[in-house]
Amino acid sequence: MSICDNIRDGYCEYDMDLNVWEFNAEDVTMKEIVKKSIVVFSTVTMIIGTVLSGSCDVKAASGDTVVYITKTGSCYHNSGCSSLSRSCIPTTLEEALDEGLTPCSKCHPASGIDTSDPDDDYDNDDFDDDFDDDYDDDDFEPEYVAVSKITLNKKTASVVKGKTLTLKATIKPANATNKAITWKSSNKKIATVDKNGKVKAIKAGTVKITVTAKDSGKTATCKITVTEPVKNISFSKKIYSVKKGKTITLKYSITPKNASNKKVTFKSSNKKIATVDKNGKVKGIKRGKVTITVTTKDGKKTAKCTVKVQ
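Here goes a summary of the coordinates provided. (Residues numbered from 1 in each chain as written. Predicted model: local features only at pLDDT ≥ 70, side-chain atom pairs only at ≥ 80, totals over all residues. Heavy atoms only, no water.)

So, about the overall build of the chain. Broken down by element type, the chain carries four helices and 24 strands. For the chain, the residues scored as buried account for 35% of the 310 residues in total. Here the analysis covers contacts within the chain between residues at least 6 apart in sequence; of these, 54% occur between residues at least 24 apart. When the accessible surface of the chain is summed, it comes to about 19500 Å², and 49% of that surface belongs to carbon and sulfur atoms. (Helix = DSSP H or I, 4+ residues; strand = E, 2+ residues; numbered from the N terminus. Buried < 20%, exposed > 50% of the residue type's maximum accessible area, 1.4 Å probe, protein only. Contact = heavy atoms within 4.5 Å. Areas by Shrake-Rupley, 256 points an atom, 1.4 Å probe, with all protein chains shown as cover.)

With that settled, the discussion passes to the sheet that holds strand β21 (residues 274–276). In spatial order, the strands read β18-β22-β21; together these three strands make up an open sheet with antiparallel pairing. Two strands in the sheet have a free side with no partner beyond their single neighbour: β18 (247–249) and β21. Across the sheet, the axes of successive neighbouring strands diverge by a mean angle of 20 degrees, strand direction being ignored. (Pairing = 2+ DSSP bridges. Axes fitted to C-alpha atoms, helices over the stretch in contact; angles between N-to-C directions.)

With that settled, the discussion passes to unusual backbone geometry. Cis rather than trans, the peptide bond between Lys172 and Pro173 has omega equal to 0 degrees. Structurally, Pro173 can be placed in the loop between β10 (169–172) and β11 (181–185). Pro256 follows Thr255 through a cis peptide bond whose omega is -5 degrees. You can see Pro256 is positioned in the loop between β19 (252–255) and β20 (264–268). If you check the backbone angles, Lys300 has positive phi at about 55 degrees while not being a glycine. Among the structural elements, Lys300 can be located in the loop between β23 (288–296) and β24 (302–309).

Further remarks concern the pattern of salt bridges. Evaluation of the coordinates by the stated rule reveals one salt bridge. One salt bridge in this structure joins Lys161 and Glu228, with 3.7 Å as the shortest N-O distance. Highlighted residues: Lys161 in the loop between β8 (156–160) and β9 (164–166) and Glu228 in the loop between β15 (219–227) and β16 (232–235), separated in sequence by 67 residues. (Salt bridge = Lys/Arg side-chain N within 4 Å of Asp/Glu carboxyl O.)

Counting 23 residues, the largest nonpolar core has Leu152, Leu167, Trp183, Val199, Ile209 and Ile224 as its most contacted members. Mapped onto this core, the elements with two or more residues apiece are β7 (149–152), β8, β12 (191–193), β13 (198–201), β14 (205–213) and β15. Formed by 21 residues, the second largest nonpolar core is a distinct cluster that contains Val230, Phe235, Ala259 and Val264. (Core = buried A, V, L, I, M, F, W, Y, C linked by side-chain atoms within 4.5 Å.)

This brings us to the packing of aromatic side chains. In total, this model carries one aromatic pair according to the counting rule given. Aromatic pair Tyr252 and Phe266: ring centres 5.7 Å apart, planes at 65 degrees, arrangement edge-to-face. Linking Tyr252 in strand β19 with Phe266 in strand β20, this pair joins segments that are 14 residues apart in sequence. By relative accessible area, Phe266 is classed as buried at 14%. (Phe/Tyr/Trp six-rings, centres within 6.5 Å; stacked < 30°, edge-to-face > 60°.)

Strand order in the open sheet formed by four strands is β8-β15-β14-β11, with mixed pairing between adjacent strands. Two strands bound the open sheet, and with one partner strand each, they are β8 and β11. Within this sheet the neighbouring strands show an average axis-to-axis angle of 25 degrees, counted without direction. Pairing of β14 with β15, which is carried by eight bridges, proceeds in the antiparallel orientation. Its bridge partner being in β15, Lys208 is matched across the sheet by Lys223.

Note: β20 against β23, five bridges, orientation antiparallel. Paired with Thr265 across the strands is Thr295, a residue of β23. Pairing of β23 with β24 involves eight bridges; the strand directions are antiparallel. Within β24, the position partnered with Thr291 by the bridge is Thr306.

What follows concerns the side chain of Glu228. Owing to a relative accessible area of 7%, Glu228 belongs among the buried residues under this scheme. The residues touching Glu228, leaving out its near neighbours within four places in the chain, are Lys161, Ala204, Pro256, Asn258, Ala259, Ser260, Asn261 and Asp298.

Our next topic: the state of the cysteines. The tally for this structure, following the rule as stated, stands at zero disulfides. Take Cys81: it sits in no disulfide, and the sulfur closest to it among the cysteines is that of Cys104, at 3.6 Å. For Cys81, a relative accessible area of 9% gives the class buried. (Disulfide = S-S within 2.5 Å.)

With 28 residues separating them in the primary sequence, Pro256 and Glu228 have C-alpha atoms 8.0 Å apart. Leave out the neighbours within four places in its chain, and Pro256 touches Glu228, Pro229, Val230 and Lys231.

In this structure, Thr296 sits in strand β23. A residue is classified by how much of its surface remains accessible, and Thr296, at 1% relative accessible area, is buried. Sequence separation between Thr296 and Ile254 is 42 residues, and the spatial gap between their C-alpha atoms is 8.7 Å. Excluding residues that lie within four positions of it along the chain, Thr296 makes contacts with Val230, Ile233, Ile254, Lys263, Val264 and Lys301. A polar atom in the side chain of Thr296 sits 2.9 Å from the backbone oxygen of Asp298. (Polar contact = N/O pair within 3.5 Å; in protein donor to acceptor, adjacent residues only side chain to side chain.)

Right, dumping it as structure tokens:
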């Protein structure tokens, strides 16, 4: 029976502060105390020097390393371990291992088993220092690629008043770091442009839309013509008369007066009776009547009149 067995049975404990053994005889007869004390004190004689010295490196007479345990603990310790209570118990390493006790994680007493933390051999701070020496923050920043050119999908465009047109900008190179752009209209009373290149025609006229790369200041422009659409066309008279072999010029009007495209075409319903040229000049060929039609190129608006050849 080991000293550990005697202590765990509740017979005695060692007080490190007083350097004395104390007996607990609540449930033990004097006969049992005397019997077990023989074993206790024979062991104490062997290791008492170790208790007083507080060093785990002191060897017992048998050559075993002395360690310390507690009554309820599952670990064995060096004498100066902070985990030990006042009533720690000295024993041999061999006995501690036989009882299945494990080394304390704080003081790591000698056991033949490596209980050290492998991370203790290499400090994280050392790793960080080495890493900082080998790599600079700039090594991880991507290379800055500047904008070298910007273009628009149209150089000129026509937009009817009230309508919209979206311009598309292309940045070169395609892998430019900063692709931010801005848009600007040279005359907002004629046309406006938003941040997405959407142009809105306000009134008839011409305007220049400019796109600029924020990165390098490169620009591209598009000339926008805002047109006023034709709403109507009409002849000044519904019936005209012309003598055979003679000519007359038909009069017509387009609204609005500021329509951007006032081009028209004329057509005679019967060229054998009367012809009409591109300016609306009618020539009587033979007696009869024909219908002359005028059509606008913008919007295909039409008007008709009757011409009588006498």
